[in-house]
Amino acid sequence: MTLLPAELNLTDLFAVIVDAVVACDERQRILLFNKSAEQIFGYTQDEVLSQPLDVLLPERFVEVHRRHFAEFAASPVASRAMGERRPIYARRKNGEEFPAEAAIVKLQRAEERLFIVLLRDITQRQRIESELRAQAQQAAVAAERSRLARDLHDAVTQTLFSVSVIADVLPRIWERDPEEGRRRLKELRQLSRGALAEMRTLLLELRPSALMEANLSDLLRQLAASVNSRSGVEVDVHIEGETELSPDVKVSLYRIAQEALNNVAKHSNASHAQIMLTVRPANNGLAGRQVHLVINDNGCGFDTTISKPTHIGLDIMRERAAAIGAQLDIRSAVGAGTTVQVEAVL
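The model shown is predicted, which means the values in this text are computed figures rather than measured ones.

Enquirer: Just checking my understanding: could you explain the nonpolar core for this structure?
Expert: Soluble globular proteins tend to bury their nonpolar side chains together. Membership of the largest hydrophobic core comes to 38 residues, with the highest contact counts inside it found for Leu220, Val235, Leu253, Leu261, Ile275, Leu293 and Ile295. Secondary-structure elements contributing two or more residues to this core are helix H8 (216-231), strand S7 (234-240), helix H9 (247-268), strand S8 (272-281), strand S9 (289-297), helix H10 (314-323) and strand S11 (338-345). Per element, the largest residue contribution to this core is nine residues, and it comes from H9. The contact partners of Leu253, leaving out residues within four places of it in the chain, are Leu216, Leu245, Val291, Leu293, Ile324 and Val342. Of all hydrophobic cores here, the second largest spans 24 residues; its members include Ile30, Val55, Phe115 and Leu119.

This is the structure:
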């Protein structure tokens, strides 16, 4: 058995549906207003029948809505989700505005066209989504604080403890063996500089705006000193060209270098790494500059054909490179170290 649309009794359906159902004619006069619409808008059906649809809209949206309604009425499209161009807001009887989701359907009845609007109040949903976003932000902040606290403990605190121990025994060592004393003094100087570099790096994480204000060459040197302090890996930095770049480019390149060096410190067993940044005029005859960033190490490397990308933070670096329109290339082989290259024309 088949059921024709004309055989459906929509009156009963409209009476129980939880969304507001508002029907109007081509002149946007309200012809039907179901129970849910009464609850959502605060009007009774008798109050709005034959009234213009404008009574349900904030005044600032009335003209825009009329124009969109006329465009829809003249189009061959039978239905449309409202709010494709801008968020939908409706207005209750007491003047309160609320966010909504809505759709409109065009029906032909004899020689007359009807327009059925189905509308849902999403105030509560938006409130819940806002609360969830706030909770997610708080969780992210808490996680970032935990990471910084862990880095502070694992790197700076331990380094300063080593500094304190060496400083305590240095006078006795110097009296007994001046040559050993000089060696320990040099170690003390290196540890102190490393702790200072690590602290500066952590402070940058606490103040992201500082990343945008600093020069990229200074950031890379500070990052190299921080990694050396934390892992003992010597990191040389070579800079060529003018490194005053736009904030988004600077931050992306810094984050790529940071991720690459973190992998060097954690996974490579390397004794040496280097950062090379070159900024030159573009060689394509056009205005702009060509940026070339290379981070390599002499560590154990890995087989790129079997290692998962997430093992080296490739996804993170790819996203950073894509954000500035740069090309990212990672080359490695077992026993031959790893090279990360970023090239961009800006």
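Enquirer: I tried to follow the packing of aromatic side chains on my own but got confused; where do I start?
Expert: As enumerated under the stated definition, the model contains five aromatic pairs in all. On the numbers, 6.0 Å between centres and 45 degrees between planes, the contact of Phe33 with Phe41 is tilted. Each of the two residues, Phe33 as well as Phe41, counts as buried. Pairing Phe61 with Tyr89 gives two aromatic rings, centres 6.3 Å apart and planes at 25 degrees, and the pair type is stacked. Taken together, the residues Phe61 in the loop between helix H3 (45-48) and helix H4 (62-74) and Tyr89 in strand S4 (residues 88-91) connect sequence positions 28 residues apart.

Enquirer: Whenever I open this one, the environment of His65 confuses me. Can you help?
Expert: Here His65 lies in helix H4. Residues His65 and Ile88 lie 23 residues apart in sequence; the distance between their C-alpha atoms is 9.8 Å. Ignoring any residue separated from it by four or fewer positions in sequence, one finds His65 in contact with Gln28, Leu53, Leu57 and Met82. One polar contact links His65 to Gln28, side chain to side chain, over a distance of 3.5 Å.

Enquirer: Looking at this structure, how should I read the packing of H8 against H9?
Expert: Any two packed helices are characterised by how steeply their axes cross, that is the angle between the axes, and by the distance between the axes. At their nearest, the axes of H8 and H9 sit 10 Å apart, and the two run at 15 degrees to each other. Our classification of the angle between H8 and H9 gives roughly parallel. Seen from above, H8 lies across H9 with right-handed handedness. Of the residues in H9, those touching H8 at Leu216, Leu219, Leu220, Leu223, Val227, Arg230 and Ser231 are Lys250, Leu253, Tyr254, Ala257, Gln258, Leu261, Asn262 and Ala265. Taken together, the residues of the contact of H8 with H9 break down into ten nonpolar, three polar and two charged.

Enquirer: It is not clear to me how the packing of H9 against H10 should be interpreted in this structure. Could you clarify?
Expert: Axis separation between H9 and H10 bottoms out at 9 Å; the angle between their running directions is 165 degrees. With respect to their mutual orientation, H9 and H10 come out roughly antiparallel. For H9 against H10, the interelement crossing comes out left-handed. Taking contact as the criterion, the partners of Val251, Ser252, Arg255, Ile256, Glu259, Ala260 and Asn263 in H9 are, on H10, Ile316, Met317, Arg320, Ala321 and Ala323. For the contact of H9 with H10, a count of residues per class yields seven nonpolar, two polar and three charged.

Enquirer: Would you take a moment to explain the pairing of strand S10 (residues 327-332) for this structure?
Expert: Consecutive side chains of a regular strand alternate in pointing toward one face of the sheet and then the other. Here six bridges tie S10 to S11, and the two strands are oriented antiparallel to one another. Its bridge partner being in S11, Ile330 is matched across the sheet by Val340. Counted between consecutive antiparallel strands, the loop separating S10 from S11 contains five residues, among which Gly335 sits at a positive phi close to 80 degrees.

Enquirer: Even after reading the chapter, I still don't get the confidence of the model for the chain, so can you show me in this structure?
Expert: Any region with low pLDDT has predicted coordinates that should not be read closely. When pLDDT is averaged along the chain, the result is 83; 86% of the residues meet or exceed 70. When mean pLDDT is compared element by element in the chain, helix H2 (residues 35-41) scores highest at 93, while helix H1 (residues 10-16) scores lowest at 63. Low pLDDT, under 50, characterises residues 1-8; the predicted model gives this stretch two contacts beyond four residues in sequence or across chains.

Enquirer: Explain the sheet that holds S9 here, please?
Expert: Hydrogen bonds along the backbone pair up the strands of a sheet, which may run parallel or antiparallel. Spatial ordering of the open sheet is given by S7-S8-S9-S11-S10, a layout of five strands whose pairing is mixed. With partners counted over all chains shown, the strands left at the sheet margins are S7 and S10, one partner each. Neighbouring strand axes in the sheet, compared pairwise and without regard to direction, differ in orientation by 10 degrees on average. In the sheet, S7 pairs with S8 via seven bridges, with the strands oriented parallel. Looking at the pairing, Ile239 lines up with Leu277 of S8.

Enquirer: Would you explain the pairing of S4 in this entry?
Expert: When S4 meets strand S5 (residues 97-109), the two strands line up antiparallel, connected through four bridges. Note that in S5 the partner of Ile88 across the bridge is Ala100. Turn length for the S4-S5 hairpin, with the two strands adjacent in sequence and antiparallel, is five residues, and the turn residue Gly95 shows positive phi of about 90 degrees.

Definitions and limits used
- Residues numbered from 1 in each chain as written.
- Predicted model: local features only at pLDDT ≥ 70, side-chain atom pairs only at ≥ 80, totals over all residues.
- Heavy atoms only, no water.
- Core = buried A, V, L, I, M, F, W, Y, C linked by side-chain atoms within 4.5 Å.
- Buried < 20%, exposed > 50% of the residue type's maximum accessible area, 1.4 Å probe, protein only.
- Helix = DSSP H or I, 4+ residues; strand = E, 2+ residues; numbered from the N terminus.
- Contact = heavy atoms within 4.5 Å.
- Phe/Tyr/Trp six-rings, centres within 6.5 Å; stacked < 30°, edge-to-face > 60°.
- Polar contact = N/O pair within 3.5 Å; in protein donor to acceptor, adjacent residues only side chain to side chain.
- Axes fitted to C-alpha atoms, helices over the stretch in contact; angles between N-to-C directions.
- Parallel < 35°, antiparallel > 145°, perpendicular 65-115°, else oblique.
- Left-handed = near helix turned anticlockwise from the far one by under 90°.
- Nonpolar A, V, L, I, M, F, W, Y, C, P; charged D, E, K, R; others polar.
- Pairing = 2+ DSSP bridges.
- pLDDT = per-residue confidence, 0-100.

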